[in-house]
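Structural overview
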Amino acid sequence: MYVAVKGGEKAIAGAHALLAKARRGDRALPELSLEQIAEQLGLAVDRVMTEGSLYDRRAAALAIKQARGDLIEAIFLLRAYRTTRPRFGNSLPLDTAEMRTERRISATFKDLPGGQVLGPTFDYTHRLLDFGLAEAEPAQGADSPALPVEGSESQDGPEAMPRVVDLLDHDGLIEREAPADEESVGDLTREPLAFPAERDLRLQNLARGDEGFLLGLAYSTQRGYGRTHPFAGEIRFGTVSVELVPEELGFAIEIGEIAVTECQMVNQFKGSAKEPPQFTRGYGLTFGHCERKAMAMALVDRSLRCRELGEPVEAPCQDEEFVLSHSDNVQATGFVEHLKLPHYVDFQSELELVRKMRASHERNRADSSD
Amino acid sequence: MNETAPIRRTSALPESGDLHSDGVGATASDATAADGAYNFAFLDEQTKRMIRRALLKAVAIPGYQVPFASREMPMPYGWGTGGVQVTAAIIGPEDILKVIDQGADDTTNAVSIRQFFVRTTGVETTTETGDATIIQTRHRVPEQPLQEDQILVYQVPIPEPLRFLEPRETETRTMHALRDYGLMHVKLYEDIAKHGHIATTYAYPVLVNGHYVMDPSPTPKFDNPKMHEMAALQLFGAGREKRIYAIPPHTKVKSLDFEDHPFEVQRWSSCCALCGATDSFLDEIVTDDRGGRMFVCSDTHYCETRRAAGHVGLAAAQGAEP
């Protein structure tokens, strides 16, 4: 009989127990450690840190473990944890020209100061399942020799690696990036997003945005929905130092290093009444190594600059409200999945309405057949 | 709103939640009630102050959607994060909390939100509508009239009543500012032209204090008249959409209608099968796969109170107790 909603409390406790059991899986197998996740599923950790907007490898690894590898769930966990963290202040802007790069490529120049450095990339691998990997290799002690890696920077010492856009900037061929007033950089986790949004908030929104959503939007611009004629001016990945000026000191101190991926897209621009023809920029930045995300972000950033550059808003990717309101996967998954919650009373109201409308439909039909 | 003014418990900083210390943080499993890992009611005091400011503004401009810096909460968006933040901002240690979903205290999400507040505040909870100082609700207004010392907190998915007529926030904010509600009236008129009546049964738009058209959240229109001149303060929180709005006590709330098509609420041909009530919102329960149905009160406390007072419905009389 009428049991549907009774016992919610017991049911929840039972569901939690089942979840814990499913998460652990077969207890005959060793449990994953956070170190293993951080080391061997590093790109998952990078994605969770980026979209969770919290640079903490250990917390991200824990989130991935707790979420059973569901990365959006892990991002959600990290976001909820981030909310509770106190704020010490704002860092100085990162100087990515000073990055200790592990990877740096440009699709616009064959060679350039600092050279092209492939670094750890899937790009030129053949996507053949490597059955050799299926067998676990024995763990090696810290003293065993590392894999030989040739051509890494250590051999001839780091060479200066100016950013490609700065080279173009030197020739006046690319738009000037006017540094915004540093005090006014917004934070959409502290102030609600209002439209129209400025570029600082748009970039923050995109940096936190879902990789898949941005990828699809970026792809759509390449297929004619708001074309931006992009070139991958530069993609670089490596570590940069984070500096902070504590109020009581009054000068900058380094508080740590973070790994970031930066993408600078260079886009054609025919010029306007005010501006000469020149290249324009799209920018992408992520924590860790999230190259696909950084590239998609840069394409979408450029598309969203249509208002500023006087381009007509015709495609979804150029529509600021559409893009920014739907990019956040924690918001999206919550609202889509809330349809699992009971809607008895609303459905009851609709049932009643449909019955009423059907009754009047029947009456009308009976009347007209008379 | 005497609960909101003083901050009666100051922050117990989440030191023990530090992931880099050995304990790997406060995870869901170590359930120390009102646990010290988080501040009272989860949110930090700065955030509560920000939400209280938004609430004060909302009370001062009834029905106006106040943007607020909604936080990421440990439950999903769309599952009551707005209501939870409002409750967290107004709750004090002496409050008595009731949480309902679909009118019931024991639906899973109501249980989950109640447990969250028990864990983070240690406050007393109740299912008695009359005993609660704060009632957080999703989709219903309790049947029992509320009093002046009570606060009703609604969870709101889409706060903008004009959203499905105009998707752009920039447009709808202008429309509200100009009281430009022609689009809404045209929609209701088209309903009448097409169906002979207004085909909106829940989230039925209301005009608050003669100015703002407001979404009452997806409560059935049955509950709209209860919002009018309600003695209790009504607060609405939309977390994902980052909006707070309010109806102060004893404020005019009018469901939109036309002179020749006045607003009316749902009616049932049956009464509650358990308590025999004829004045409550009834849920339809499917009892078998041969078309068997029974109707019972959606407000579980109302139904239980009536049964305790000796009222008996048809099913209960036949011995089919739940």
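Since the model is a prediction, treat every value here as computed from it, not as a measurement.

Conventions we followed
Residues numbered from 1 in each chain as written. Chains lettered and ligands numbered in written order. Predicted model: local features only at pLDDT ≥ 70, side-chain atom pairs only at ≥ 80, totals over all residues. Heavy atoms only, no water. Helix = DSSP H or I, 4+ residues; strand = E, 2+ residues; numbered from the N terminus. Buried < 20%, exposed > 50% of the residue type's maximum accessible area, 1.4 Å probe, protein only. Contact = heavy atoms within 4.5 Å. Areas by Shrake-Rupley, 256 points an atom, 1.4 Å probe, with all protein chains shown as cover. Pairing = 2+ DSSP bridges. Axes fitted to C-alpha atoms, helices over the stretch in contact; angles between N-to-C directions. Expected span 1.5 Å × (residues − 1). Salt bridge = Lys/Arg side-chain N within 4 Å of Asp/Glu carboxyl O. Core = buried A, V, L, I, M, F, W, Y, C linked by side-chain atoms within 4.5 Å. Buried area = accessible area lost by both parts, 1.4 Å probe. Nonpolar A, V, L, I, M, F, W, Y, C, P; charged D, E, K, R; others polar. Right-handed = clockwise from strand over helix to strand, strands pointing away. Parallel < 35°, antiparallel > 145°, perpendicular 65-115°, else oblique. Left-handed = near helix turned anticlockwise from the far one by under 90°. 1 Å grid on protein atoms, 1.4 Å probe; cavity = no way out; pocket = protein on both sides within 12 Å on 5 of 7 lines; lining within 4 Å. Points joined across faces, edges and corners; volume = space filled by probe spheres on them. pLDDT = per-residue confidence, 0-100.

**Brief notes about the overall build of chain B**
Each helix and strand in chain B was counted, giving 8 helices and 12 strands. Taking all 322 residues of chain B together, the buried fraction comes to 58%. Considering only contacts within chain B whose residues lie at least 6 apart along the sequence, 63% involve residues at least 24 apart. Here chain B has roughly 13100 Å² of accessible surface; of this, 52% comes from carbon and sulfur atoms.

**Brief notes about the sheet that holds strand β3 (residues 253-267) of chain A**
Residues and elements named next belong to chain A. Sheet architecture is open: 4 strands sit in the order β1-β2-β3-β4, paired in antiparallel fashion. Each having just a single partner strand, β1 (100-105) and β4 (280-287) make up the two edges of the open sheet. Here the strands of the sheet are splayed against their neighbours by 20° on average, with no regard to which way each runs. Relative to β4, β3 runs antiparallel, the two sharing 8 bridges. Residue pairing for β4: asparagine 267 is matched across the bridge by threonine 280.

**Let's talk about helix α3 (residues 108-121) of chain B**
For α3(B), which comprises 14 residues, the first-to-last C-alpha distance of 20 Å matches the rise-based estimate of 20 Å (1.5 Å per residue) to within 8%. Every buried residue belonging to α3(B) is among Asn109(B), Ala110(B), Val111(B), Ile113(B), Arg114(B), Phe116(B), Phe117(B), Thr120(B) and Thr121(B), and all of these are buried. Residues of α3(B) that are buried make contact with α1 (8-24) of chain A together with α2 (81-90), β2 (96-101), β3 (124-125), β4 (134-138) and β5 (151-155) of chain B. Taken from the residues just after α3(B), Gly122(B) is the one with a positive phi, measuring 70°.

**Quick notes on the pattern of salt bridges**
Pairs may arise between side chains of opposite charge once their charged atoms sit close together. All chains considered together, the criterion is met by 44 salt bridges over all chains. Residue Arg290(B) is joined to Asp288(B) by a salt bridge in which the shortest nitrogen-to-oxygen separation is 3.6 Å. By relative accessible area, Arg290(B) is classed as exposed at 69%. Asp288(B) sits in the partly exposed class, given a relative accessible area of 26%. Here the salt bridges do not stand alone but share partners, grouping Arg79(A), Arg208(A), Asp328(A) and Glu72(B) into one network.

**Observations concerning the pairing of strand β12 (residues 293-297) of chain B**
Residues and elements named next belong to chain B. By the criterion of burial, β12 is predominantly enclosed, with 4 of the 5 residues buried. Relative to β12, strand β11 (residues 282-286) runs antiparallel, the two sharing 5 bridges. Each residue of the ladder has a partner; that of isoleucine 285, found in β12, is methionine 294.

**Remarks on the nonpolar core**
Ile51(B), Leu235(B) and Ile244(B) are the most contacted members of the largest nonpolar core, which has 48 residues in total. In contact with Ile51(B), not counting residues within four places along its chain, are Leu43(B), Phe68(B), Gln85(B), Val86(B), Ala89(B) and Ile244(B). Grouped together as the second largest cluster of nonpolar side chains are 27 residues, Ile235(A), Met297(A), Ala298(A) and Leu304(A) included.

**Describing the interface of chain A and chain B**
On the side of chain B, 71 residues touch chain A, which itself brings 52 residues to the contact. Summed over both sides, the interface of chain A with chain B buries roughly 5300 Å², with 61% coming from carbon and sulfur. The interface formed by chain A and chain B includes 4 salt bridges. The salt bridge partner of Arg355(A) is Glu284(B), with a shortest N-O separation of 2.9 Å. Looking at the side of chain A that touches chain B, the elements with two or more residues in it are α1, α4 (57-66), α5 (71-83), α12 (329-337) and α13 (344-369) of chain A. When residues in the side of chain A that touches chain B are grouped by element, the largest group, 12 residues, is from α13(A). Partitioned by chemical class, the residues of the side of chain A that touches chain B number 24 nonpolar, 10 polar and 18 charged.

**A short note on the pairing of β2(B)**
Residues and elements named next belong to chain B. Extensive coverage of β2 is indicated by the burial of 6 of its 6 residues. In β2, alternate side chains face the same way, and those of Ile96, Lys98 and Ile100 on one face and Leu97, Val99 and Asp101 on the other are all buried. Relative to β3, β2 is paired through 2 bridges, and the arrangement is parallel. Within β3, the position partnered with leucine 97 by the bridge is threonine 125. Handedness of the crossover joining β2 and β3 through α3: right-handed. As paired strands, β2 and β4 are joined by 5 bridges and run parallel to one another. What sits directly across from valine 99, in β4, is glutamine 136.

**Remarks on the packing of α5(A) against α12(A)**
Residues and elements named next belong to chain A. At a minimum axis distance of 9 Å, the contact between α5 and α12 shows a crossing angle of 110°. Between α5 and α12, the interaxial angle falls into the category roughly perpendicular. Our pair here, α5 against α12, has a crossing hand that is left-handed. Across the interface between the two elements, Ile72, Ile75, Phe76 and Arg79 from α5 touch Asn329, Val330 and Thr333 from α12. Classifying every residue of the contact of α5 with α12 gives 4 nonpolar, 2 polar and 1 charged.

**A word on empty space enclosed by the protein**
Residues and elements named next belong to chain B. In this structure the tally under the stated criterion is 4 cavities of 30 Å³ or more. In this structure, the largest cavity encloses a volume near 120 Å³. As for the largest cavity, its lining consists of 15 residues, of which Gly78, Gly80, Gln155, Val156 and Pro157 are closest to the centre. Looking at which element gives the most residues to the lining of the largest cavity, the answer is α2, with 3 residues. For the lining of the largest cavity, the class distribution of residues is 3 nonpolar, 10 polar and 2 charged. Put simply, the second largest cavity is a space of about 100 Å³.

**Description of the packing of helix α3 (residues 42-52) of chain A against α4(A)**
Residue and element names in this part refer to chain A. Between α3 and α4, the shortest axis-to-axis distance is 9 Å and the interhelical angle comes to 105°. The angle between α3 and α4 places the two elements in the roughly perpendicular class. Here Gly42, Ala44, Val45, Asp46, Val48 and Met49 of α3 come into contact with α4, specifically with Arg57, Ala60, Ala61 and Ile64. Residues of the contact of α3 with α4, tallied by class, amount to 7 nonpolar, 1 polar and 2 charged.

**Some words on the confidence of the model for chain B**
Looking at chain B, pLDDT values average 87 and 88% of them are 70 or higher. Throughout residues 1-33 of chain B the model reports pLDDT below 50, and contacts reaching past four residues in sequence, or to other chains, amount to 62 contacts.

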